[in-house]
Amino acid sequence: DQQVKQNSPSLSVQEGRISILNCDYTNSMFDYFLWYKKYPAEGPTFLISISSIKDKNEDGRFTVFLNKSAKHLSLHIVPSQPGDSAVYFCAASGYNNNDMRFGAGTRLTVKP
Amino acid sequence: NAGVTQTPKFQVLKTGQSMTLQCAQDMNHNSMYWYRQDPGMGLRLIYYSASEGTTDKGEVPNGYNVSRLNKREFSLRLESAAPSQTSVYFCASSSDRVGEKLFFGSGTQLSVL
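Right, let's walk through the structure included here. (Residues numbered from 1 in each chain as written. Chains lettered and ligands numbered in written order. Predicted model: local features only at pLDDT ≥ 70, side-chain atom pairs only at ≥ 80, totals over all residues. Heavy atoms only, no water.)

## A closer look at the overall build of chain B
Then, in step 1: Of regular secondary structure, chain B possesses 0 helices and 11 strands.
Then, in step 2: Its helices and strands taken in sequence order, chain B reads β-β-β-β-β-β-β-β-β-β-β from the N to the C terminus.
Then, in step 3: A compact globule built from 113 residues should have a C-alpha radius of gyration of about 13 Å, and chain B, at 13 Å, falls within 12% of that.
Then, in step 4: Buried residues in chain B amount to 47% of all 113 residues.
Then, in step 5: Sequence-distant contacts in chain B: of pairs separated by 6 or more residues, those separated by 24 or more amount to 54%.
Then, in step 6: Taken as a whole, chain B presents about 5200 Å² of accessible surface, with 49% of it coming from carbon and sulfur. (Helix = DSSP H or I, 4+ residues; strand = E, 2+ residues; numbered from the N terminus. Rg over C-alpha atoms; globule rule 2.2 N^0.38 Å. Buried < 20%, exposed > 50% of the residue type's maximum accessible area, 1.4 Å probe, protein only. Contact = heavy atoms within 4.5 Å. Areas by Shrake-Rupley, 256 points an atom, 1.4 Å probe, with all protein chains shown as cover.)

## Things to note about the interface of chain B and chain A
Then, in step 1: Listed by partner, the interface residues are 23 residues for chain B and 22 residues for chain A.
Then, in step 2: Interface area for chain B against chain A, summed over the two sides, is near 1700 Å², with a carbon-plus-sulfur share of 60%.
Then, in step 3: With a closest N to O distance of 3.7 Å, A:R101 and B:E59 form a salt bridge.
Then, in step 4: Between chain B and chain A we count 1 residue pair in polar contact (both at pLDDT 80 or more) in total.
Then, in step 5: Secondary structure elements with two or more residues in the side of chain B that touches chain A: β4 (31–38), β5 (42–51) and β9 (87–94) of chain B.
Then, in step 6: If you tally residues by element for the side of chain B that touches chain A, the top one is β5(B), at 4 residues. (Buried area = accessible area lost by both parts, 1.4 Å probe. Salt bridge = Lys/Arg side-chain N within 4 Å of Asp/Glu carboxyl O. Polar contact = N/O pair within 3.5 Å; in protein donor to acceptor, adjacent residues only side chain to side chain.)

## Re the layout of surface pockets
Then, in step 1: For the largest pocket, the calculated volume is near 550 Å³.
Then, in step 2: For the largest pocket, the lining is made up of 29 residues, of which A:K38, A:A41, B:Q37, B:V88 and B:F90 are closest to its centre.
Then, in step 3: For the lining of the largest pocket, the elements supplying multiple residues, two or more each, are β9 (86–93) and β11 (106–111) of chain A together with β4, β9 and β11 (108–112) of chain B.
Then, in step 4: With 3 residues, the single largest contributor to the lining of the largest pocket is β9(B).
Then, in step 5: Looking at side-chain class alone, the lining of the largest pocket contains 11 nonpolar, 13 polar and 5 charged residues. (1 Å grid on protein atoms, 1.4 Å probe; cavity = no way out; pocket = protein on both sides within 12 Å on 5 of 7 lines; lining within 4 Å. Points joined across faces, edges and corners; volume = space filled by probe spheres on them. Nonpolar A, V, L, I, M, F, W, Y, C, P; charged D, E, K, R; others polar.)

## A closer look at the packing of aromatic side chains
Then, in step 1: Applying the stated criterion across every chain yields a total of 12 aromatic pairs over all chains.
Then, in step 2: When the centroid spacing of 6.2 Å and the interplanar angle of 75 degrees are considered together, the rings of A:F102 and B:F104 count as edge-to-face. Taken together, the positions of A:F102 in strand β10 (residues 101–102) and B:F104 in strand β10 (residues 103–104) put the pair across two chains.
Then, in step 3: Judged by relative accessible area, B:F104 falls into the buried class, the value being 10%.
Then, in step 4: Among the aromatic residues, those joined into a ring-pair cluster are A:Y36, A:F46, A:F102, B:Y33, B:Y35, B:Y48, B:F90 and B:F104. (Phe/Tyr/Trp six-rings, centres within 6.5 Å; stacked < 30°, edge-to-face > 60°.)

## Examining the state of the cysteines
Then, in step 1: Per the stated rule, a full pass over the model turns up 2 disulfides over all chains.
Then, in step 2: Residue pairing for A:C23: its cysteine sulfur links by disulfide to A:C90, the two sulfurs lying 2.0 Å apart. In this structure, the disulfide formed by A:C23 and A:C90 twists by about -75 degrees around the S-S bond and is classed as left-handed. Of this pair, A:C23 sits in strand β3 (residues 19–25) while A:C90 sits in strand β9, placing them 67 residues apart in sequence. When sorted by exposure, A:C23 lands in the same class as A:C90, which is buried.
Then, in step 3: For B:C23, the disulfide goes to B:C91, at an S-S distance of 1.8 Å. Classification of the bridge connecting B:C23 and B:C91 rests on its S-S torsion, roughly -75 degrees, and on that basis the disulfide is left-handed. Linking B:C23 in strand β3 (residues 19–25) with B:C91 in strand β9, this pair joins segments that are 68 residues apart in sequence.
Then, in step 4: Its relative accessible area of 3% is what places B:C23 among the buried residues. (Disulfide = S-S within 2.5 Å.)

## A closer look at the sheet that holds strand β1 (residues 4–5) of chain A
Residues and elements named next belong to chain A.
Then, in step 1: Taken in spatial order, the 5 strands of this open sheet run β1-β3-β8-β7-β6, and their pairing is antiparallel. Taken across any chain shown, the strands that pair with only one partner, and hence form the sheet edges, are β1 and β6 (56–59).
Then, in step 2: Across 6 bridges, the pairing between strand β7 (residues 62–67) and strand β8 (residues 72–77) is antiparallel. When the bridges of β8 are listed, F65 appears paired with S74. (Pairing = 2+ DSSP bridges.)

So, in structure tokens, the structure goes:
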């Protein structure tokens, strides 16, 4: 069963506009949520995270929002840049790091 | 600053052949992981090692074995490869704190014919 779901396989936005990537989870025991970015032929790299005690975390152009009641998180990228074009994975974990579960990924394309 | 190094980058096997994927990290992490990535499935944990000498099964361990040779190295072995094991494999490491980010290697593209 997929405990972490990214229902949009792809997203295309214009340079300078906002990109919003969404993620839903089913396990209420998840306490930590992370976003990873992956370029072709490379491994995923950590982007930003949030714990369940917060509802927002910002890092430069990247902001993650968490809605625990809806079991939903989103990643906002403002403004989007062509270099942001990549696959973005949402991940969630509970008490142990070996419980981390990943979504299927969303391919973001930022058009110049 | 190498981080997590995986070898090989590409491999083609015939059904029934065996091979070992190698992984090493230089960040002094206790925790190491092997994931596989398949289209539409995200990354799924195969095996996990919390420290030297310990290993635990993840979501999809069948058909695989692992060895935590020392603190730096964590290898994944396919004893008898099957077409269902065609995938991209990633090794990762992290510190022990819960919710800590993972550092990934660049991946191994494996095809089993």
